[in-house]
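Descriptive structure summary
What follows is the residue order along each chain.
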Amino acid sequence: MAQNGLASRLYNGEAGLNIVGRRKLWFGVAGVLVLIAILSFSIRGFSLGIEFAGGNSFQVPASVGTLDDAEREVNSALAAENTGIEVVTAQKVGGTGGDSYELRTGQLSAEQATAVKAQIAEDLGIDEGQISNNQVSEAWGSQVTERAVLGLVIFIALVMVYLILRFEWRMAVAAVSSLIMNLLLTAGIYSLVGFEVTPSTIIGFLTILGFALYDVVVVFDKVQENTRGITANNNQTYGEAANLAVNQSLMRSLNTSVVALLPVGGLLFIGAGLLGAGTLKDLGLVLFVGMAVAFLTSILVATPLLALLKNYDPRIQAHNKRVLTRRGAIARGEVTGKGAASPAQADVTEEPLDPDAAALAGAAPKVGARPAGKRPTGARGGRPGGGGNRPGGAKRR
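Keep in mind the model is a prediction, meaning the values are calculated, not measured.

Each value, and the rule that gives it
Residues numbered from 1 in each chain as written. Predicted model: local features only at pLDDT ≥ 70, side-chain atom pairs only at ≥ 80, totals over all residues. Heavy atoms only, no water. Helix = DSSP H or I, 4+ residues; strand = E, 2+ residues; numbered from the N terminus. Buried < 20%, exposed > 50% of the residue type's maximum accessible area, 1.4 Å probe, protein only. Contact = heavy atoms within 4.5 Å. Areas by Shrake-Rupley, 256 points an atom, 1.4 Å probe, with all protein chains shown as cover. Pairing = 2+ DSSP bridges. Axes fitted to C-alpha atoms, helices over the stretch in contact; angles between N-to-C directions. Salt bridge = Lys/Arg side-chain N within 4 Å of Asp/Glu carboxyl O. Patch = residues over 30% accessible without salt bridge, like charges linked within 9 Å, V, L, I, M, F, W, Y side chains within 5 Å. Core = buried A, V, L, I, M, F, W, Y, C linked by side-chain atoms within 4.5 Å. Phe/Tyr/Trp six-rings, centres within 6.5 Å; stacked < 30°, edge-to-face > 60°. Expected span 1.5 Å × (residues − 1). Parallel < 35°, antiparallel > 145°, perpendicular 65-115°, else oblique. Left-handed = near helix turned anticlockwise from the far one by under 90°. Nonpolar A, V, L, I, M, F, W, Y, C, P; charged D, E, K, R; others polar.

Counting secondary structure elements, the protein contains twelve helices and six strands. Per-residue burial over the protein gives 42% buried out of 397 residues. Of all intrachain contacts in the protein linking residues separated by at least 6 positions in sequence, the fraction that spans at least 24 positions is 76%. Summed over all atoms, the accessible surface of the protein reaches about 21,200 Å², with 58% contributed by carbon and sulfur.

Listed below in C-alpha cells is the structure:
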C-alpha cells in the first residue's frame, strides 16, 4: 500500500499530474497575481530603506537598555527638536566594539542631526562620542538601482543566448518569461506586505535568478529528452511528453527547493529572528520568498508555456493531429494499436488543437509510460523467414 502512495508515485514520476493540460488555469492564476502585483506597485509602492529614500541613522551602545528603550529615547529627542520625523526602523547590530542599536530616521539637515545627537546623549546619560550619526543621500540608492537594472538586463541577455544554444529559442522565451514572472511576483509580495527594500534586497533579487534558472533548465533538459524524435511515432503529443517530463522531474525540483530553503530559512528565522542579526533579515527574506516562488513558476508556468509555443510549430501541429486521429480510429475499433492505453488509463489529456481533433481524440497514454518505438518486423525479432538457414527451408529425409 505504501508503494502506491503519492510520495512513491512522485518519486517514480508516475503521479499523473495533468500540469501541461491545465495550462489555461495556471496562466489565469499567474495573470491575476501579476495584475495584483502591478496594481500594488502603482498604489502602494515600496517601503524603501534610507539607502534609497535618504535619511539618517543613529547608533547607540546596547548597554543603554533594550531596543525598545533606545527607540523611545530617540523618538523623544526627535520630538524635542521639532523635526516632525520618527524612527523608521530599529535593529540590533554587532561590531568590533560590541553590540549596538541602529535606529534609522527620515532625512534630517546637518544642524538637526547634530542637535538630535546631543539630545539623545543627554537623555541616555552617555557621552556624545559614543553615538555615531550617518547621513545617506537618496542619490546613492539611485546609483545602486541603475547598476542593478543593468546587471539584470545583461544577465537575461546571457541567459537567452545560453538557452538558445543549449536548447532552442522557444525554450529560451519560456524560461526568461518564467524568470521575469518570478521577479514580478516576489516584488509584488514585498510591495503588498511592506517589507523594506535595501541594497541586500537587490542582491537577493539577482541571486534568486540563478536558482530559478537552474530549476527551469533541469525540467527543460528532461523535456528535451522525452521529445527528441517525437514526430517519428504516433503515441504521444508534444504536450503529453512535456507533461511526462514535468512529472518525472517534479520530485527532483521539490527536493532541490527544500534543500535550498532550509539553510535560507535558518538564516532568516534563526539568524535574524532569534539571534537578532538584523543585517541578515533583508537578504534572507528575499531569498526565501524568491526561491519558493521560483519552484512554482518553473513547474506551473515555464513548461506549459513551452508546450503552448511548440503547438504553433507546423511540424508539431501535424504530429499532434496524427496522434489524435490515430487514437480516434483505435477508439472506434477501425485499427488496433499495440501498447495503446485503455480509456480508463488515460490520466493526462492534451488540450485539443481544434474541434475536429477533439472529436477524433481517444485514449492518451498513461503518464508513467514511455513512448513505444518501432519494433523490428519478421519472425524471431527481425530474422528473415524460412525454414532455418537452408535455402527454401526444406527438410531432408
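Now that the structure has been shown, we can carry on.
Strands belonging to one sheet form pairs held by backbone hydrogen bonds; the direction of such a pair is parallel or antiparallel. The antiparallel open sheet is built from four strands, whose spatial order is E3-E4-E2-E5. Taken across any chain shown, the strands that pair with only one partner, and hence form the sheet edges, are strand E3 (87-93) and strand E5 (132-136). Mean inter-strand twist for the sheet, computed between neighbouring axes without regard to direction, equals 20 degrees. Of the pairings in the sheet, the one linking strand E2 (residues 55-61) to E5 comprises five bridges and is antiparallel in character. Across the sheet, residue Phe 58 finds its bridge partner in E5, namely Asn 133. Sheet contacts for helix H4 (residues 67-80): E2, E3 and strand E4 (100-105); angle to E3, the most-contacted strand, approximately 145 degrees.

What follows is about the environment of Thr 145. Within the secondary structure layout, Thr 145 lies in helix H6 (residues 138-166). A relative accessible area of 35% places Thr 145 in the partly exposed class.

Tallying each qualifying case throughout the model produces seven salt bridges. One salt bridge in this structure joins Glu 168 and Arg 170, with 3.2 Å as the shortest N-O distance. Between Lys 222 and Glu 225 there is a salt bridge, and its shortest N-O distance comes to 3.5 Å. Highlighted residues: Lys 222 and Glu 225, both in helix H8 (residues 199-227), separated by three residues, approximately one helical turn. Bridged by salt links that share partners, the residues Glu 168, Arg 170 and Lys 310 form one connected network.

On the surface, Leu 25, Val 29, Val 32, Leu 33, Ile 36, Ile 189, Leu 192 and Val 193 cluster together to form a nonpolar patch covering roughly 650 Å² of accessible area. Looking at the nonpolar patch, the elements that each hand over two or more residues are helix H2 (23-43) and helix H7 (169-193). Looking at the nonpolar patch, the element that brings in the most residues is H2, giving five residues. Along the polypeptide, Val 193 turns up in helix H7.

In this section: the nonpolar core. Among the nonpolar cores identified, the biggest contains 58 residues, and Leu 163, Met 171, Phe 220, Val 223, Tyr 238, Ile 299 and Leu 306 are the most heavily contacted of them. Of all the secondary structure elements, the ones that give two or more residues to this core are H2, H6, H7, H8, helix H9 (238-274) and helix H10 (279-310). Among the elements that make up this core, the one with the highest residue count is H10 (14 residues). Formed by 18 residues, the second largest nonpolar core is a distinct cluster that contains Ile 85, Val 87, Ile 120 and Ile 131.

This brings us to the packing of aromatic side chains. Any pair of aromatic rings gets described here by the distance separating the centres and the angle formed by the planes. All chains considered together, the criterion is met by four aromatic pairs. With 6.0 Å between their ring centres and 55 degrees between their planes, Tyr 190 and Phe 205 make a pair best called tilted. Here Tyr 190, found in helix H7, pairs with Phe 205, found in helix H8; they are 15 residues apart in sequence, far enough to count as distant. Grouping aromatic residues by their ring pairs yields a cluster made of Tyr 190, Phe 195 and Phe 205.

Moving on, we get to the environment of Arg 166. Structurally, Arg 166 can be placed in helix H6. With 51 residues separating them in the primary sequence, Arg 166 and Val 217 have C-alpha atoms 9.6 Å apart. Leaving out residues up to four positions away in the same chain, Arg 166 has contacts with Asp 221 and Gln 224.

Another point: helix H11 (residues 314-331). With 18 residues, H11 should cover 26 Å at 1.5 Å per step; its first-to-last C-alpha distance of 26 Å lies within 8% of that length. Following H11 by one or two positions, Gly 333 has its phi on the positive side, about 80 degrees.

Moving on: the packing of H4 against helix H5 (residues 110-124). It is at 9 Å that the axes of H4 and H5 come closest, and there the two elements cross at 130 degrees. By the criterion of interaxial angle, the relationship of H4 to H5 is oblique. As for how H4 packs across H5, the hand of that crossing is right-handed. Packed against H4, whose contacting residues are Glu 73, Val 74, Ser 76, Ala 77, Leu 78 and Ala 80, the element H5 presents Val 116, Gln 119, Ile 120, Asp 123 and Leu 124 at the interface. Split by residue class, the contact of H4 with H5 holds seven nonpolar, two polar and two charged.

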